[in-house]
Amino acid sequence: MEHTVITNSVNDILTELKTNAAKPLGQAKAMPRKMYQSESILELEKEKIFKDGWICVGRTQDIPNVGDYLTWKILDEPVLVARRPDGEVAAYSNTCRHRMMLLLEGKGTCKRIVCPYHAWTYDLSGQLIGAPYMNKTDDFNKKDISLPEIRSEIWHGWIYLTLNPNARPVHEKLANLTPLIERYNCENYVGIVLKDTVWNCNWKLLAENFMEGYHLPVAHKATVGAFCPLDETEFSDVDEADENFTYQTYTKDKEAPVGTAHPSNTSLEGKWRITSVLPTIFPSHMFSLAPDHLWYLSIQPIGVDKVRIRHGAAIAPEVLENLSDPDASLGEIREFLAKVQEEDRFVVEGMQQGTAGDLSGSGQLSWLEREVNDFTKYIARKL
Ligand code: FES
Ligand SMILES: [Fe+2]
């Protein structure tokens, strides 16, 4: 009986979501509040979205040399990504084949992977090469034991993993985004921030917050909003969504202090020297790519009101080379980005509390929130 009640309520939420998603932007609303509160919806999202899709875990620039590694989780699955001796990037389960201890933590460099519990040791291809005191164990053969490999793909310097062996390759899914992205050569941008945090909000509220510039002059009035009037000529409202991503472009004034091409950048031409592209790659990789820098978020749900966030930033090599005092400038950039993050945390955690109220209800979207509507349509398709 209880099962029927739950099913009905999920169906009610999905019906409301899909009715809304079918509407054009001019009539569309934000997602129904239960989309941010329902455990059953979260379970559906984990199965149909996060176990199915590609998750960005970082950039190849984060692990440039043999032995460099980084770790993360896809939902509850601990993963490690390492640069193998052949120079390729490969991903493995980050759990020991002995008694399942986590092998590596954070980011670093190693010659081999040594379990911190009993020192079972793996090479950078995941093969077990050492296991102390296993000589009296029957039928134990190191050669038979290796870390399960996880499917990975590199796209313009981004490292994507998937738990779905049948997922369409990233480069195929994002074929329509490639022409916009490739001109920036962002795979060469040098990483200056890589930070993991947990915020108290539903993952979709953070994703949606990234997608719209409507909040910039208000929520970010002390930082990015200060030089970001919502001029119709700057935010484009003609950018198109695709079933695998949505994006918007943003054109800066030539004199803007950041977001424009450095004079020694000779590959970007015309309007692209002052244009940023802000894609949301479904489900949960978002980046702001400017001619001189990028920053990004890759996010996943931990609970209905908890999101795991990997946040990174990088700058174009010609910008880095020309900084007169790199330490001071990079320190300033990091501090600025952290402030912007705090401003976003305030609104997304505030909205999470808002969606808990029975009297809460979602309202109509502005033309500046087109991508929020694209995201609603994506979620409605997937669930
Ligand atoms: S759990 Fe890794 S060596 Fe025992
Ligand atoms: Fe923001």
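Since we're looking at a predicted model, the values are computed, not measured. (Residues numbered from 1 in each chain as written. Chains lettered and ligands numbered in written order. Predicted model: local features only at pLDDT ≥ 70, side-chain atom pairs only at ≥ 80, totals over all residues. Heavy atoms only, no water.)

Q: Sorry if this is basic, but what is going on with the pattern of salt bridges here?
A: Opposite charge on two side chains permits pairing when their charged atoms draw close. Evaluated as defined, the whole model comprises 11 salt bridges. Of the charged contacts in the structure, one is a salt bridge between Lys-51 and Glu-47, with a shortest N-O distance of 2.7 Å. We classify Glu-47 as partly exposed; its relative accessible area is 45%. A network of salt bridges, in which partner residues are shared, links Glu-342, Arg-345 and Glu-349. (Salt bridge = Lys/Arg side-chain N within 4 Å of Asp/Glu carboxyl O. Buried < 20%, exposed > 50% of the residue type's maximum accessible area, 1.4 Å probe, protein only.)

Q: Could you clarify how one ought to interpret the domain arrangement of the protein chain in this entry?
A: A common measure of how large an interface is: the accessible area buried when the components associate. Here the domain parsing of the protein chain yields domain 1 (2–52 + 177–382) and domain 2 (55–162). Between domain 1 and domain 2, the C-alpha centre-to-centre distance is 30 Å. When residues of domain 1 are sorted by the area they lose upon contact with domain 2, Gln-300, Arg-308 and Arg-310 head the list and together hold 27% of the total. Linking domain 1 with domain 2 are zero salt bridges, by the criterion used here. Across the contact surface, domain 1 and domain 2 share 10 residue pairs in polar contact (both at pLDDT 80 or more). Secondary structure elements with two or more residues in the side of domain 1 that touches domain 2: helix H2 (39–50), helix H4 (178–181), strand E11 (190–199), strand E14 (285–289), strand E15 (293–303) and strand E16 (306–315). (Domains from an automatic or database assignment. Buried area = accessible area lost by both parts, 1.4 Å probe. Polar contact = N/O pair within 3.5 Å; in protein donor to acceptor, adjacent residues only side chain to side chain. Helix = DSSP H or I, 4+ residues; strand = E, 2+ residues; numbered from the N terminus.)

Q: Could you clarify how one ought to interpret the side chain of Glu-153 in this entry?
A: Note on placement: Glu-153 falls in strand E9 (residues 149–155). Buried charge without a partner: Glu-153 forms no salt bridge, and the closest opposite charge is Arg-151, 5.0 Å away. A distance of 2.8 Å separates a polar atom in the side chain of Glu-153 from the backbone nitrogen of Val-170. Among the polar contacts made by the side chain of Glu-153, one reaches the side chain of His-171 at a distance of 2.8 Å. Residues within four places of Glu-153 in sequence aside, it is in contact with Trp-54, Trp-158, Ile-159, Tyr-160, Pro-169, Val-170 and His-171. (Lys, Arg positive; Asp, Glu negative; His and termini not counted. Contact = heavy atoms within 4.5 Å.)

Q: Explanation requested: the sheet that holds strand E7 (residues 121–122) in the structure shown.
A: Working definition: the strands of a sheet are paired by backbone hydrogen bonds and lie parallel or antiparallel to each other. One open sheet holds the three strands; their spatial order is E6-E7-E8, and the pairing between them is antiparallel. Looking along the sheet, the strands with just one partner apiece sit at the ends: strand E6 (113–114) and strand E8 (128–130). Bridge count for E7 against E8 is two bridges, and the pairing is antiparallel. Its bridge partner lying in E8, Tyr-122 is registered against Leu-128. (Pairing = 2+ DSSP bridges.)

Q: How should the packing of aromatic side chains be read in this particular structure?
A: Each aromatic ring pair is described using two quantities: the centre-to-centre distance and the angle formed by the ring planes. Within this structure, the stated rule accounts for 11 aromatic pairs. A ring pair is formed by Phe-210 and Trp-295, whose centres lie 5.7 Å apart and whose planes are at 75°; its orientation type is edge-to-face. Here the residue Phe-210 occupies a position in helix H5 (residues 203–211), and Trp-295 occupies one in strand E15, the gap between them amounting to 85 residues. Across the pair, exposure class does not vary: Phe-210 and Trp-295 are buried alike. Centre to centre, the rings of Phe-375 and Tyr-378 are 6.4 Å apart; their planes meet at 20°, and the pair counts as stacked. Of this pair, Phe-375 and Tyr-378 both sit in helix H9 (residues 370–382), three residues apart, which is roughly one turn of the helix. In this structure, Phe-375 and Tyr-378 share a single accessibility class: buried. Taken together, Phe-50, Trp-203, Phe-282, Phe-375 and Tyr-378 form an aromatic cluster joined through their ring pairs. (Phe/Tyr/Trp six-rings, centres within 6.5 Å; stacked < 30°, edge-to-face > 60°.)

Q: I keep staring at the state of the cysteines and nothing clicks. Help me out?
A: By definition, a disulfide links the sulfur atoms of two cysteine residues through a covalent bond. In the structure shown here, the tally under the stated rule is zero disulfides. Cysteine Cys-110 is unpaired, with the sulfur of Cys-115 as its nearest cysteine sulfur at 13 Å. (Disulfide = S-S within 2.5 Å.)

Q: Would you take a moment to explain the UniProt feature "domain: Rieske" (unreviewed entry) in the protein chain for this structure?
A: UniProt feature "domain: Rieske" (unreviewed entry): in the numbering of this structure it lies at residues 54–161. In this annotation, residues 54–161 is assigned 0% helix and 42% strand; the end-to-end C-alpha distance for the span is 5 Å. (UniProt positions renumbered as here; feature names shortened; annotations may be inferred.)

Q: Help me out: how do you make sense of the environment of Asn-11 in this one?
A: By the secondary structure assignment, Asn-11 is in helix H1 (residues 2–21). The sequence separation of Asn-11 and Ile-41 amounts to 30 residues, and the corresponding C-alpha distance is 9.7 Å.

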